[in-house]
Amino acid sequence: MSSLIAIVYPTEAKAEEVRRRLIELQKEYLIKLGDAVIATKTDTGKVRLNQLVSMTTSGAVSGSFWGLLVGVLFLNPLIGAAVGAASGAIAGALTDVGIDDAFMKDLAGSLQPGNAALFVLVQEMTADKLLKEISGFGGVVLKTSLDETKEQILRDALQKDAAA
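Report follows, based on the coordinates. Note that the structure is predicted; figures quoted are calculated from it, not measured.

1. A look at the nonpolar core
Inside soluble globular proteins, nonpolar side chains tend to come together where they are buried.
Argument step 1. The biggest cluster of nonpolar side chains holds 24 residues, and the ones touching the most others in it are Tyr9, Leu22, Ile31, Leu118 and Leu154.
Argument step 2. Breaking this core down by element, the ones donating at least two residues are strand S1 (3–9), helix H1 (12–27), strand S2 (31–41), strand S4 (116–125), helix H5 (127–134) and helix H6 (148–163).
Argument step 3. Here Leu154 is in contact with Ile5, Leu131, Ile134, Val141, Thr144 and Leu146, once residues within four sequence places are set aside.
Argument step 4. In this structure, Ala6, Val47, Ile99 and Leu121 belong to the second largest nonpolar core, which totals 15 residues.

Have a look at this one:
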């Protein structure tokens, strides 16, 4: 079962640093990520999401390939690629995988401007080793789906760095 963890950092750069570290730890098989999104709040109060994977881009690439293939069959590959890219981009923009965007925007609405929240959907993890790796980055737990004991362990590990 997947777990959702949202941690607030003082800057978007710090949240991005933690996300990059989590991706490195995934290559070491200490964590399996389902999604990792950074949410920031602008001075005007607008919440912006920085997705790990752009579904619009991947949809456009996939659509252009299939459009090109169909275009070759009907002797007009350029039109086929263009139509395929456009339809793939639209389909990608309408696709939402991982953490629900509306949920993240609603939760990130409570952020102070300039702060960033890292939303991580964890499918599997080696908790003790992972905590050692991310505790040095600090942060404040905003929300988790972990049980109370594990959530408190996470809060304590992140606060230990803030106190030091």
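2. Description of the packing of H1 against H5
Argument step 1. Running from N to C, H1 and H5 cross one another at 145°; their axes reach a closest spacing of 11 Å. Here the hand of the crossing between H1 and H5 comes out right-handed. The segment H1 lies against H5, with Arg21, Leu22 and Leu25 engaging Leu130, Glu133 and Ile134.
Argument step 2. Per-class residue counts for the contact of H1 with H5 are four nonpolar, no polar and two charged.

3. Examining the pattern of salt bridges
Argument step 1. A complete count under the given rule lists six salt bridges for this structure.
Argument step 2. For Glu133, the salt bridge goes to Arg21, with nearest N and O atoms at 2.5 Å. You can see Glu133 sitting in helix H5 and its partner Arg21 sitting in helix H1, a full 112 residues away along the chain.
Argument step 3. By relative accessible area, which is 31% here, Glu133 ends up partly exposed.
Argument step 4. A single salt-bridge network, built from bridges that share partners, covers Arg21, Glu24 and Glu133.

Analysis parameters
- Residues numbered from 1 in each chain as written.
- Predicted model: local features only at pLDDT ≥ 70, side-chain atom pairs only at ≥ 80, totals over all residues.
- Heavy atoms only, no water.
- Core = buried A, V, L, I, M, F, W, Y, C linked by side-chain atoms within 4.5 Å.
- Buried < 20%, exposed > 50% of the residue type's maximum accessible area, 1.4 Å probe, protein only.
- Helix = DSSP H or I, 4+ residues; strand = E, 2+ residues; numbered from the N terminus.
- Contact = heavy atoms within 4.5 Å.
- Axes fitted to C-alpha atoms, helices over the stretch in contact; angles between N-to-C directions.
- Left-handed = near helix turned anticlockwise from the far one by under 90°.
- Nonpolar A, V, L, I, M, F, W, Y, C, P; charged D, E, K, R; others polar.
- Salt bridge = Lys/Arg side-chain N within 4 Å of Asp/Glu carboxyl O.

Coordinates in, geometry out; function isn't part of it.
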